[in-house]
Amino acid sequence: MPHRDPSDDDPDVAPESSPAQPGTTPAEPGTPPPVPVPAPGFDPDEPPAVPSGKFGTPGRPLRRSSFLVGFTGALGVLLAYTLYLGIRNAGGILVLVVIALFLAVGLNPAVVRLRTWGVPHGLAVAVVALTVVLLLCGGIVALVPPIVTQSGQFIDQIPSLLDELRRNPTVNDLAERYDVVERVQGAANADTIGRALGGVLGGAQLIFGTVFRTLTVLVLTIYFLAYFDKLRSLGYALVPRSRRERAALIGDAILTKVGAYMVGALSIAVLAGATTFVFALIVGLPYPFALAVVVAVTDLIPQIGATLGAVIVSLVGFAADLPTGIACAVFFLVYQQVENYLIYPKVMRRSVEVNEVAALLAALLGVALLGVVGALIAIPTVAALQLILREVVLPRQERN
């Protein structure tokens, strides 16, 4: 008959303790059981890594049949194509969002500076936004009246120009030889008038579209400025906790470089506009403030903007008289050398630290991809990529 332990039948008899595992110290009688220590990085609020069992036992995983793999792949391709169509259709809005983000990053240092002076956050954003609106309105007031005035003058001079052409015997001979008058009368039909009306409507649509896009960028910029800290914190929260601190440091450095680039570019543009305004007053160019605004705006475009503004002002000078045009060409030739070799390097070298070849290639690629917007964001984008390569990619390559 097999031997039975009394503890099997008597619940009051405590069972003998199991022998201690090798390498452990047996616990003394009467000591409480040890409290389990959570593993490092354990968060009690996070969901468990295994199913809780409230909703039944998980079933066996599905078989990786060829049909299931093909169906999943087809769904992935369809989702990618749908995403591509969405991005392509919303490309215009996404460009506006990128411009607004870029402007918000560039204007945020001004908001931070006002907050260090004791100004509340909302009031600081309102002051910066109001300054931008006033500058925009000043540019419009400076550019629109000259364009309207000169267009009206040209329309008023059309009859006198036609009379001068009629007095020219060569023009009359060509008109009689090719029946220009009859062709002009034949072209003045309903179809031509309809196309002209469509062109007028197209011009009005272009104007209203530009106004709408400008207002959209302005409103988005104000919203991004108001919620800049929350958006930045949300972006860092998407990074895993173990890498969040390093990502925040690199991200703040990138934002600082973009803001410094914006401040430097605006400073150089304002200096170019002010210098052009003084020069236009000295030589007697028409509409000096409008020309100064044109030079300041075009100077924001890297590499080619300063040359574009110089060409516009020089053409206005040549339209006035030959000596004025020559003076404009010489002035901009000298000023661009000073800006390229003295002003620009001192302002940008400390803030962006971008190689000149990389800046040129980035500007060309930015113009090819996004036009003027791409040229504006090209250099800070290259600065951000250089920082990521230097701090993340290259050290990882050295460790491997």
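Residues numbered from 1 in each chain as written. Predicted model: local features only at pLDDT ≥ 70, side-chain atom pairs only at ≥ 80, totals over all residues. Heavy atoms only, no water.

A. Just empty space enclosed by the protein, in detail. This model, assessed by the stated rule, comprises 3 cavities of 30 Å³ or more. Roughly 40 Å³ of volume is contained in the largest cavity. In terms of lining residues, the largest cavity is bounded by Ala 272, Val 295, Thr 298, Asp 299, Ala 306, Gly 309, Ala 310, Phe 332, Tyr 335, Gln 336 and Glu 339. Sorting the residues of the lining of the largest cavity by element identifies helix H10 (288-299), helix H11 (305-320) and helix H12 (322-348) as the ones contributing at least two each. For the lining of the largest cavity, the element with the highest residue contribution is H12, accounting for 4 residues. (1 Å grid on protein atoms, 1.4 Å probe; cavity = no way out; pocket = protein on both sides within 12 Å on 5 of 7 lines; lining within 4 Å. Points joined across faces, edges and corners; volume = space filled by probe spheres on them. Helix = DSSP H or I, 4+ residues; strand = E, 2+ residues; numbered from the N terminus.)

B. A look at the environment of Ala 384. Relative to the helices and strands, Ala 384 is located in helix H14 (residues 372-399). The exposure class of Ala 384 is buried, given its relative accessible area of 13%. Separated by 133 residues in sequence, Ala 384 and Gly 251 have C-alpha atoms that sit 8.8 Å apart. (Buried < 20%, exposed > 50% of the residue type's maximum accessible area, 1.4 Å probe, protein only.)

C. View of the environment of Pro 146. Checked against the element boundaries, Pro 146 lands in helix H4 (residues 121-167). Its relative accessible area of 11% is what places Pro 146 among the buried residues. C-alpha separation for the pair Pro 146 and Pro 286, spaced 140 residues apart in sequence, amounts to 9.1 Å.

D. How the structure looks around helix H9 (residues 241-283). For H9, which comprises 43 residues, the first-to-last C-alpha distance of 63 Å matches the rise-based estimate of 63 Å (1.5 Å per residue) to within 8%. A maximum bend of about 30° is found in H9 at Ala 247. Two residues or fewer past H9, Gly 284 is found with a positive phi of approximately 80°. (Expected span 1.5 Å × (residues − 1). Bend = angle between axes of the 7 residues up to and from the residue.)

E. How the structure looks around a positive patch on the surface. There is a patch of like positive charges on the surface, built from Arg 243, Arg 246, Arg 396 and Arg 399. Elements supplying a minimum of two residues to the positive patch: H9 and H14. One can find Arg 243 in helix H9. (Patch = residues over 30% accessible without salt bridge, like charges linked within 9 Å, V, L, I, M, F, W, Y side chains within 5 Å. Areas by Shrake-Rupley, 256 points an atom, 1.4 Å probe, with all protein chains shown as cover. Salt bridge = Lys/Arg side-chain N within 4 Å of Asp/Glu carboxyl O. Lys, Arg positive; Asp, Glu negative; His and termini not counted. Charge placed at Lys NZ, Arg CZ, Asp CG, Glu CD.)

F. Inspection of the nonpolar core at higher detail. Ranked by internal contacts, the top residues of the largest apolar core, which has 14 residues, are Phe 102, Ile 254, Val 258 and Tyr 261. It is H9 that provides the largest number of residues to this core, a total of 6 residues. Once you skip the residues sitting within four places of it in the chain, Phe 102 turns out to touch Val 258, Tyr 261, Met 262, Leu 376, Ile 377 and Pro 380. Val 313, Cys 328, Phe 332 and Tyr 335 belong to the second largest nonpolar core, which has 12 residues in total. (Core = buried A, V, L, I, M, F, W, Y, C linked by side-chain atoms within 4.5 Å. Contact = heavy atoms within 4.5 Å.)

Without other data, these values stay purely geometric and don't point to any function.
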